[in-house]
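One letter stands for each residue in the lines below.
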Amino acid sequence: MMEEKKSPARSALAHVVLIILTFFCLFFFYLLVVNATRSHVDLQKGFSILPGDAFVKNLNSVLSDGTLPVVNGIINSLVVSSLCAAICTYFSALTAYGLYAYDFKLKKVAFTFIMAILVMPTQVTAMGFLRLITGMGMYDTLLPLIIPSMASPAVFYFMHSYLRSSLPMSLVEAARIDGSGEFRTFNHIVLPIMKPAIAVQAIFTFVGSWNNYFVPALVLQTKSKMTLPILIATLRGSDYMNFDMGKVYMLIAIAIVPIIIVYLILSRFIIEGVTLGGVKE
């Protein structure tokens, strides 16, 4: 009886906490949109919850800036993020399938090695990575931002956990008996089963690549090849006399739009993918 009396209070408390968290999440996003519609002079006056009338001016200022190739930045970010999401999810799923479906002597060693790479910070290998791509002639190109996405330990671990909970080996063995090749089995049987997990990790990989600043700043020098995070940092670090805060907010707002679109397209898979991927046999 005591538990029944407490449940409505707990439910109400949970709803209150969720409402507060939702408010804070949406409030700062709303504030960004509002500031993107205000001029630099209005922004210097302080906080305002009402939109301004400088939306078109800020947008034209961003798109018409000859020293800031925003359109190229958007295209570069879209190309890099999309290819990273596709390559990362496919090859991580393929690696996870290989370690899940096959038994070989160094299976545990390979799994442990991949997990060890997971705890290694990017900054530790930055100088070696820079020397490597320079020696391979890939400096100041987009390739160093795309190719390393083939090896993602975090995505591999999620895919491996998902396979353990969702893929019965009897299905793979039945495909083999029917004469299906290994790549055909993976592409036509395993991948459709992994669709929720792939969609979830595609969102995370896309967002992570889209917001990545450290590696692009390390390898890109030509402005026409730069991604949006570098352009935003360049705009924020411009000369004080030419600094326009409304322009900065507008560029940040533009940078968020593709992330929202990708999330809306793939969001229906998130709960299903996280739930099934976290279940153990």
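Since the model is a prediction, treat every value here as computed from it, not as a measurement.

**Student:** Would you mind going over the packing of aromatic side chains with me for this structure?
**Tutor:** To describe a pair of aromatic rings, one takes the distance between the centres and the angle between the planes. Tallied over the entire structure, the rule returns ten aromatic pairs. Between Tyr-90 and Phe-186, the aromatic rings sit 5.6 Å apart at their centres with planes inclined by 75°, giving edge-to-face as the arrangement. In this pair, Tyr-90 sits in helix α4 (residues 70–101) while Phe-186 sits in helix α10 (residues 182–193), placing the two residues 96 residues apart along the sequence. A relative accessible area of 28% places Tyr-90 in the partly exposed class. We classify Phe-186 as buried; its relative accessible area is 0%. Between Phe-111 and Phe-156 the ring centres are 5.8 Å apart and the planes differ by 55°, which places this aromatic pair in the tilted class. Of this pair, Phe-111 sits in helix α5 (residues 107–118) while Phe-156 sits in helix α8 (residues 153–166), and the two are 45 residues apart along the sequence. When its relative accessible area of 25% is taken as the criterion, Phe-111 is described as partly exposed. Residue class for Phe-156 comes out buried when judged on its relative accessible area of 2%.

**Student:** Even after reading the chapter, I still don't get the packing of α4 against helix α9 (residues 169–177), so can you show me in this structure?
**Tutor:** The description of two helices packed together rests on the angle between their axes and the distance between the axes. Direction vectors running N to C along α4 and α9 enclose 90°, while the axes themselves pass 12 Å from each other. One finds that α4 runs roughly perpendicular with respect to α9. Contact with α4, carried on its side by Tyr-97, Tyr-100 and Ala-101, involves Met-169, Val-172 and Arg-176 of α9 and no other residues of that element. Of the residues in the contact of α4 with α9, the class split is five nonpolar, no polar and one charged.

**Student:** Is there a simple way to explain the domain arrangement of the protein in this structure?
**Tutor:** Many descriptions give the size of an interface as the accessible area lost when the pieces come together. Each domain of the protein was delimited in the assignment, giving domain 1 (2–61) and domain 2 (67–235). On a C-alpha basis, the centroid separation for the pair domain 1 and domain 2 is 33 Å.

**Student:** Honestly, the confidence of the model for the protein in this entry has me stumped. Any pointers?
**Tutor:** Low pLDDT means the predicted coordinates in that region are not meant to be read closely. Across the protein, the average pLDDT comes to 84, with 91% of residues at 70 or higher. Ranking the elements of the protein by mean pLDDT puts helix α15 (residues 270–277) last with 56 and helix α7 (residues 143–146) first with 93. Predicted confidence for residues 1–5 stays below pLDDT 50, and this span has zero contacts to residues more than four positions away or in other chains. Taken together, the stretch residues 277–281 has pLDDT below 50 and engages in eight contacts with residues farther than four places along the chain or on a different chain.

**Student:** Before we go on, may I ask you to explain the side chain of Gln-201 in this structure?
**Tutor:** Tracing the chain through its elements places Gln-201 in helix α11 (residues 195–210). Beyond its immediate stretch of four places on either side in the chain, Gln-201 contacts Thr-89, Val-155, Phe-158 and Met-159.

**Student:** Would you mind going over the environment of Leu-32 with me for this structure?
**Tutor:** Along the chain, Leu-32 falls in helix α1 (residues 2–36). In the structure, Leu-32 is positioned 52 residues away from Cys-84 in sequence and 27 Å away in space, judged by C-alpha atoms. If we ignore the near neighbours within four places in the chain, the residues touching Leu-32 are Tyr-249, Ile-252, Ala-253 and Ile-256.

The rules we used
- Residues numbered from 1 in each chain as written.
- Predicted model: local features only at pLDDT ≥ 70, side-chain atom pairs only at ≥ 80, totals over all residues.
- Heavy atoms only, no water.
- Phe/Tyr/Trp six-rings, centres within 6.5 Å; stacked < 30°, edge-to-face > 60°.
- Helix = DSSP H or I, 4+ residues; strand = E, 2+ residues; numbered from the N terminus.
- Buried < 20%, exposed > 50% of the residue type's maximum accessible area, 1.4 Å probe, protein only.
- Axes fitted to C-alpha atoms, helices over the stretch in contact; angles between N-to-C directions.
- Parallel < 35°, antiparallel > 145°, perpendicular 65-115°, else oblique.
- Contact = heavy atoms within 4.5 Å.
- Nonpolar A, V, L, I, M, F, W, Y, C, P; charged D, E, K, R; others polar.
- Domains from an automatic or database assignment.
- pLDDT = per-residue confidence, 0-100.

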